[in-house]
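Survey of secondary and tertiary structure
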Protein chains: 2
Amino acid sequence: MKRVTLKEIGKQLNLSPGTISKALNDSHEIGEETKKMILAYTQQINYIPNFSAKSLKTGRSNTLAIIVPFISSSFFFDFYEDISLILAETNYKLILLQTFNDEKKEKEALELCVQSNIEGIIISPVKNDSSLPLLKYIMDQICPVIIFDRISHQLETFKIGIQNNRIIYQATAEMIKGGRENIILLLCKDIGGNTSRIKGYKDALFNFSIPFKQENVVEISYSSPKDDIDAELESKIGALLNSATPPNALLSSTDTLSLKVLHILHKLEIRIPEDMNLIGFSNTPFANSLNPSLTTIAQPTRLMAEKSVELLLHMLKKRNKKNYFEFETYFLDCRIEHRKSTSSVSAKNETSKRTI
Amino acid sequence: MKRVTLKEIGKQLNLSPGTISKALNDSHEIGEETKKMILAYTQQINYIPNFSAKSLKTGRSNTLAIIVPFISSSFFFDFYEDISLILAETNYKLILLQTFNDEKKEKEALELCVQSNIEGIIISPVKNDSSLPLLKYIMDQICPVIIFDRISHQLETFKIGIQNNRIIYQATAEMIKGGRENIILLLCKDIGGNTSRIKGYKDALFNFSIPFKQENVVEISYSSPKDDIDAELESKIGALLNSATPPNALLSSTDTLSLKVLHILHKLEIRIPEDMNLIGFSNTPFANSLNPSLTTIAQPTRLMAEKSVELLLHMLKKRNKKNYFEFETYFLDCRIEHRKSTSSVSAKNETSKRTI
DNA sequence: CTGAAAGCGCTTACAG
DNA sequence: CTGAAAGCGCTTACAG
């Protein structure tokens, strides 16, 4: 017994395959009676169409792709979930692809999209210029592309992200106002947004007349949250803590680093928030359950997802007049959610610090 | 400019499309010289084949599917990641589908697999008998199916899971030995493994001559970790805590519930582990960073993933002699990872308890 | 309102 | 070693 095809259904019902096809696609060419009859039969035998044939014929797949560095990062995960939920309301299916911050994997992922007749792509690219020719080709020939989060990528299209410098400025300034002037900025190496983040950090220091110390910017290189960077992180943080002027605050730019640093500070018996104030980046869903609960910079993930889908669907609707778009970059606002890792217990320290 | 096809490449190189196809598939029929020349040309123009055409012709897709209730649960997430990593070493691609514990969505997911010429399915089904006829049809006509985690499903195939009753017995017994006899068992409602879990719980109580109290088995109904069950959970746990004999231990059967209950116990100002010992189920990766660090029942996720892929590939190799398999169910061992939520601070309580 | 026929872009048995 | 041709299962312009 083989899978049933339109041809066989036609034979059973004494109709042509074309008629069955039209009926199943609810074509106005087919009579209501015939439609009902055909539908009843196909449901009874649980007819399941062959996507490859349909896709080959129509050149469409009804599928969008989301490409992220790694899904195990909570920001990308939340974003993916939001996109899934939004698309569940539409006819589009969604496939998830990971690049692991590897340009080669990114290229493979994009080629897979082309091979599979994907109709739209939402991507957070590996680097500012990664896969640029391929992305241009895809935009030109295949389907629209939206860039999110790592919006310093050079492709000309709609982009959705946040103003890293602004929110990092705000977080840094808050810590300074709380009496914490010796602040570690913890970054994942080689990420597009870092320049902007460092700028926000430096600007805040400058505005409060605090000298910038290069060694306080700690960059850790990893391509997946599962990478074993614990030892490197511990030694770098440890060295700073053992210096003549140990830092008393830390601003972590990714969830992965926040969790690891939390664990390491516990190990080193650094008290939080007393010895060290801590702010994490993006919204760890369990920030409340951490030890101590973690103050975070919450990204507007849901809004970003909504805007991404909206723009992608917008481009899909006008897919025939590609060159008429005025591409824009959207910056969405973050906000700081205060929890115990930056508790105002530090008020005491504030005065003491100021006298030093 | 359209996407380039084998036909056009053939025209460019004065060869037939068939020859190009054979060369790209490294057929022995084609001369080495010709192969090299063709490969050089297709790489230069970055030829990307059309999967739909290939899949339609061959009936294959080189793609496996993993179907889980929801990916936002850390056990399913870890399992998915492990499967991804293992398959990255093979030629198979992987698609992820979620059912949200909804039989209708499960049916849709399975139908999508059939439509897409998926070559193998690894599924944790919604219920013991969900999609049974469709799954049987798929096993019979389409591709092999492996069941994991929720292995009480009725489909006859290879299954990989854990012995819920045994590990719950062990965790319950440990708590009792630590002087905690009034133990809440927290379950996600309508999950196949619950019967087995409750059995392990009851057996442990029985062996230590502790009467079973039905009200201590708390079942919460949710279909996604994002469902808002906080109020229900808080009221149920709160009621037990306000009773004449408040529980002093809690065994949570899912990560989702562990995190929520941790948050709720903080709110209710219950001290952990002093007032309440806590054991979570499956391996929350950040168990160490929680407040307090959480003792967990760690599932052998990686092993389960490896065994699942191994069995699936085994069935794929012998796909022509379907009926010769001797299906087995594999039970992998869990272990308890002790952290502070069950700290031996309770030793004091132990004696006091025993005198009551 | 229904059908016959062409064709989407591949692969592959077959012929030479 | 290379090519001609059929065909996978759909959809759709066209004819009637």
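In the annotation of an unreviewed UniProt entry, the entry for chain A reads Glucose-resistance amylase regulator, and the organism field reads Sphingobacterium thalpophilum.

1. So, the overall build of chain A
Each helix and strand counted, chain A has 13 helices and 12 strands in total. Here chain A has a C-alpha radius of gyration of 26 Å; the compact-globule value for 356 residues is 21 Å, and the former is much larger. Principal-axis analysis of the C-alpha atoms places the extent of chain A at approximately 95 × 40 × 30 Å. Per-residue burial for chain A yields a buried fraction of 54% across its 356 residues. Of the roughly 16700 Å² of accessible surface on chain A, 50% is carried by carbon and sulfur atoms.

2. Quick look at the sheet that holds strand β4 (residues 145-148) of chain B
Residue and element names in this part refer to chain B. As summarised here, the arrangement of the 6 strands in space is β2-β1-β3-β4-β5-β11, forming an open sheet in which the pairing is parallel. Two strands bound the open sheet, and with one partner strand each, they are β2 (93-98) and β11 (329-332). Neighbour-to-neighbour, the strand axes of this sheet turn through a mean angle of 20°, independent of strand direction.

3. Section: the side chain of S61 of chain A
Residues and elements named next belong to chain A. Considering the arrangement of structural elements, one finds S61 in the loop between α4 (51-58) and β1 (63-68). Reaching out from S61, the side chain makes a polar contact with the backbone oxygen of N117 at a distance of 2.6 Å. Sequence-distant contacts of S61, that is, excluding residues within four places in its chain, are made with S55, K93, S116, N117, I118 and E119.

4. Quick notes on the pattern of salt bridges
Close approach of charged atoms allows side chains of opposite charge to pair. Scanning all chains against the criterion turns up 32 salt bridges over all chains. Taking the shortest distance from any N to any O, the salt bridge between R166 of chain A and D333 of chain A comes out at 3.3 Å. Of this pair, R166 of chain A sits in helix α8 (residues 164-177) while D333 of chain A is found in the loop between β11 (329-332) and β12 (335-337), placing the two residues 167 residues apart along the sequence. Judged by its relative accessible area of 54%, D333 of chain A is exposed. The salt bridge involving K127 of chain B is made with E103 of chain B; its shortest N-O contact spans 3.6 Å.

5. Details of the UniProt feature "domain: HTH lacI-type" (unreviewed entry) in chain A
The feature "domain: HTH lacI-type" (unreviewed entry), as annotated in UniProt, sits at residues 4-58 of chain A in this numbering. Measuring from the first to the last C-alpha atom of residues 4-58 of chain A gives 20 Å, for a span that is 67% helix and 0% strand.

6. Some points on α8 of chain A
Residue and element names in this part refer to chain A. The terminal C-alpha atoms of α8 lie 20 Å apart, and with 14 residues this matches the ideal 20 Å at 1.5 Å per residue to within 8%. Here α8 has its buried residues at N164, I167, I168, A171, T172, A173, M175 and I176. Immediately beyond the C-terminal end of α8, within one or two residues, lies G179, with a positive phi of roughly 90°.

7. A closer look at the protein's contact with DNA strand C
The immediate surroundings of DNA strand C are formed by 26 residues, with T19, K22, E29 and K57 of chain A together with S21 of chain B found nearest. Restricting attention to atoms of DNA strand C within 4 Å of the protein, one finds that 59% of them are sugar or phosphate atoms. Within the side chain of S21 of chain B, an N or O atom sits 2.3 Å from a phosphate oxygen of DNA strand C. Among the secondary structure elements, those contributing two or more residues to the surface near DNA strand C are α2 (17-24) and α4 of chain A together with α2 (17-24) and α4 (51-58) of chain B. Among the elements that take part in the surface near DNA strand C, α4 of chain B stands out by supplying 4 residues, more than any other.

8. A word on the sheet that holds strand β5 (residues 159-162) of chain A
Residue and element names in this part refer to chain A. Across the sheet, 6 strands lie side by side as β2-β1-β3-β4-β5-β11; this open sheet has parallel pairing. Each having just a single partner strand, β2 (93-98) and β11 make up the two edges of the open sheet. Neighbouring strand axes in the sheet, compared pairwise and without regard to direction, differ in orientation by 20° on average. Bridge count for β1 against β2 is 6 bridges, and the pairing is parallel. Bridge pairing in β2 places I66 opposite L96.

9. Quick notes on the nonpolar core
General note: in soluble globular proteins, nonpolar side chains tend to be found buried as a group. Among the nonpolar cores identified, the biggest contains 144 residues, and I83, I121 and I297 of chain A together with I83, I121 and I297 of chain B are the most heavily contacted of them. Each residue touching I121 of chain A, except ones within four places of it in the same chain, is listed here: A65, I67, L110, C113, I138, C143, P144, V145, I146 and L312 of chain A. Ranked by size, the runner-up nonpolar core spans 56 residues in total, among them F70 of chain A together with I184, L262 and L294 of chain B.

10. Overview of helix α9 (residues 194-207) of chain B
All names here are of chain B. Along its 14 residues, α9 runs 20 Å from first to last C-alpha, staying within 8% of the 20 Å computed at 1.5 Å per residue. Along α9, the positions that sit buried rather than exposed are N194, R197, I198, G200, Y201, A204 and L205. Each buried residue of α9 lies within a common arc of 155° when the element is viewed along its axis, so the set occupies one face. Projecting away from the buried face of α9 at angles above 90 degrees are the exposed residues T195, F206 and N207. Each element contacted by the buried residues of α9 is listed here: α8 (164-177), β6 (183-188), β7 (217-220) and β9 (277-281). Downstream of α9 by a residue or two, S209 has a phi angle that is positive, lying close to 55°.

11. Looking at the protein's contact with DNA strand D
In the vicinity of DNA strand D, 26 residues are found, and the nearest of them are S21 of chain A together with T19, K22, E29 and K57 of chain B. Taking the atoms of DNA strand D that fall within 4 Å of the protein, sugar and phosphate contribute 58% of them. N25 of chain A places a side-chain nitrogen or oxygen 3.3 Å from a phosphate oxygen of DNA strand D. T34 of chain B places a polar side-chain atom, nitrogen or oxygen, 3.0 Å from a phosphate oxygen of DNA strand D. For the surface near DNA strand D, the secondary structure elements donating two or more residues are α2 and α4 of chain A together with α2 and α4 of chain B.

12. Focus: the interface of chain B and chain A
If you look at the interface, chain B gives 41 residues, while chain A gives 41 residues. Summed over both partners, the interface of chain B with chain A comes to about 3800 Å²; 58% of that surface belongs to carbon and sulfur atoms. For the pair chain B and chain A, the number of links is 0 salt bridges. Inspection of the region where chain B meets chain A yields 8 residue pairs in polar contact (both at pLDDT 80 or more).

13. Focus: the relation of the copies chain B and chain A
At an RMSD of 0.1 Å, chain B and chain A line up after a rotation of 180° and a shift of 0.0 Å along the axis. The two molecules are tied by a two-fold rotation axis, judged by turn and shift. Of all interface residues in chain B, 100% are interface residues in chain A too; the two copies therefore contact each other through one and the same surface.

14. Things to note about the environment of S52 of chain A
Relative to the assigned elements, S52 of chain A resides in helix α4. Once you skip the residues sitting within four places of it in the chain, S52 of chain A turns out to touch S52, S55, L56, Q115 and N117 of chain B. Here S55 of chain B takes part through its side chain, which lies 2.9 Å from a polar atom of the side chain of S52 of chain A.

15. Side note on the side chain of T254 of chain A
Residue and element names in this part refer to chain A. Inspection of the secondary structure puts T254 in the loop between β8 (249-252) and α11 (255-267). Within the local environment of T254, its side chain forms a polar contact with the side chain of Y222, the two groups lying 2.8 Å apart. Side-chain polar atoms of T254 contact the backbone nitrogen of L257, separated by 3.1 Å. Not counting chain neighbours up to four residues away, the residues in contact with T254 comprise C188, Y222 and F281.

16. Some details on the state of the cysteines
Counting across every chain of the model gives 0 disulfides over all chains. Summary of cysteine pairing: C188 of chain A is not part of a disulfide, and the nearest cysteine sulfur, belonging to C334 of chain A, is at 17 Å.

17. Focus on the domain arrangement of chain A
Interface size, as often reported, equals the accessible area lost upon joining of the parts. Here chain A is described as being made up of domain 1 (6-49), domain 2 (60-162 + 301-334) and domain 3 (164-298 + 337-345). Computed over C-alpha atoms, the centres of domain 1 of chain A and domain 3 of chain A are 62 Å apart.

Procedures and definitions
- Residues numbered from 1 in each chain as written.
- Chains lettered and ligands numbered in written order.
- Predicted model: local features only at pLDDT ≥ 70, side-chain atom pairs only at ≥ 80, totals over all residues.
- Heavy atoms only, no water.
- Helix = DSSP H or I, 4+ residues; strand = E, 2+ residues; numbered from the N terminus.
- Rg over C-alpha atoms; globule rule 2.2 N^0.38 Å.
- Buried < 20%, exposed > 50% of the residue type's maximum accessible area, 1.4 Å probe, protein only.
- Areas by Shrake-Rupley, 256 points an atom, 1.4 Å probe, with all protein chains shown as cover.
- Pairing = 2+ DSSP bridges.
- Axes fitted to C-alpha atoms, helices over the stretch in contact; angles between N-to-C directions.
- Polar contact = N/O pair within 3.5 Å; in protein donor to acceptor, adjacent residues only side chain to side chain.
- Contact = heavy atoms within 4.5 Å.
- Salt bridge = Lys/Arg side-chain N within 4 Å of Asp/Glu carboxyl O.
- UniProt positions renumbered as here; feature names shortened; annotations may be inferred.
- Expected span 1.5 Å × (residues − 1).
- Near = heavy atom within 4 Å.
- Core = buried A, V, L, I, M, F, W, Y, C linked by side-chain atoms within 4.5 Å.
- Arc of directions from axis to C-beta.
- Buried area = accessible area lost by both parts, 1.4 Å probe.
- Least-squares fit on C-alpha atoms with pLDDT ≥ 70 in both.
- Disulfide = S-S within 2.5 Å.
- Domains from an automatic or database assignment.

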